[in-house]
Amino acid sequence: MTIMPQQFQQQRQETSRSADEEQTAASVDAQQNEDFDVLDSVLDDIASTLETSAEDYVSSFVQKGGE
């Protein structure tokens, strides 16, 4: 089988696309990990706030005197 110059160029472009796709996938994974870290931080902050002032938080929703 003889590979023509056009076929070689096309194969080479497909290889570079694969590398570009891998780089994009790695970038997306890194961004998702960063987003998860930020979300975890926010949830931890909310949980610690509720732990320290849970009674005040719950009592703010309790009706007083038939309200």
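Before reading further, recall that the structure is shown in the block above.
These numbers were taken from a predicted model, which means no experiment stands behind them. (Residues numbered from 1 in each chain as written. Predicted model: local features only at pLDDT ≥ 70, side-chain atom pairs only at ≥ 80, totals over all residues. Heavy atoms only, no water.)

### Points about the overall build of the protein chain
When helices and strands are counted, the protein chain shows two helices and zero strands. Here the protein chain holds 67 residues, and 0% of them are scored as buried. Counting every atom, the protein chain has about 6400 Å² of accessible surface; 52% of that belongs to carbon and sulfur. (Helix = DSSP H or I, 4+ residues; strand = E, 2+ residues; numbered from the N terminus. Buried < 20%, exposed > 50% of the residue type's maximum accessible area, 1.4 Å probe, protein only. Areas by Shrake-Rupley, 256 points an atom, 1.4 Å probe, with all protein chains shown as cover.)

### Focus on a nonpolar patch on the surface
A contiguous nonpolar patch, built from Val38, Leu39, Val42, Leu43, Ile46, Leu50, Tyr57, Val58, Phe61 and Val62 and spanning about 940 Å² of accessible area, is present on the exposed surface. Of all elements in the fold, only α1 (5–52) and α2 (54–59) reach the threshold of two or more residues within the nonpolar patch. Of the residues forming the nonpolar patch, the biggest block, six residues, is contributed by α1. The topology assignment puts Leu43 in helix α1. By relative accessible area, which is 44% here, Leu43 ends up partly exposed. (Patch = residues over 30% accessible without salt bridge, like charges linked within 9 Å, V, L, I, M, F, W, Y side chains within 5 Å. Salt bridge = Lys/Arg side-chain N within 4 Å of Asp/Glu carboxyl O.)

### A look at a negative patch on the surface
Taken together, the side chains of Glu34, Asp35, Asp37, Asp40, Asp44 and Asp45 define an acidic patch exposed on the protein surface. Relative to the assigned elements, Asp45 resides in helix α1. (Lys, Arg positive; Asp, Glu negative; His and termini not counted. Charge placed at Lys NZ, Arg CZ, Asp CG, Glu CD.)

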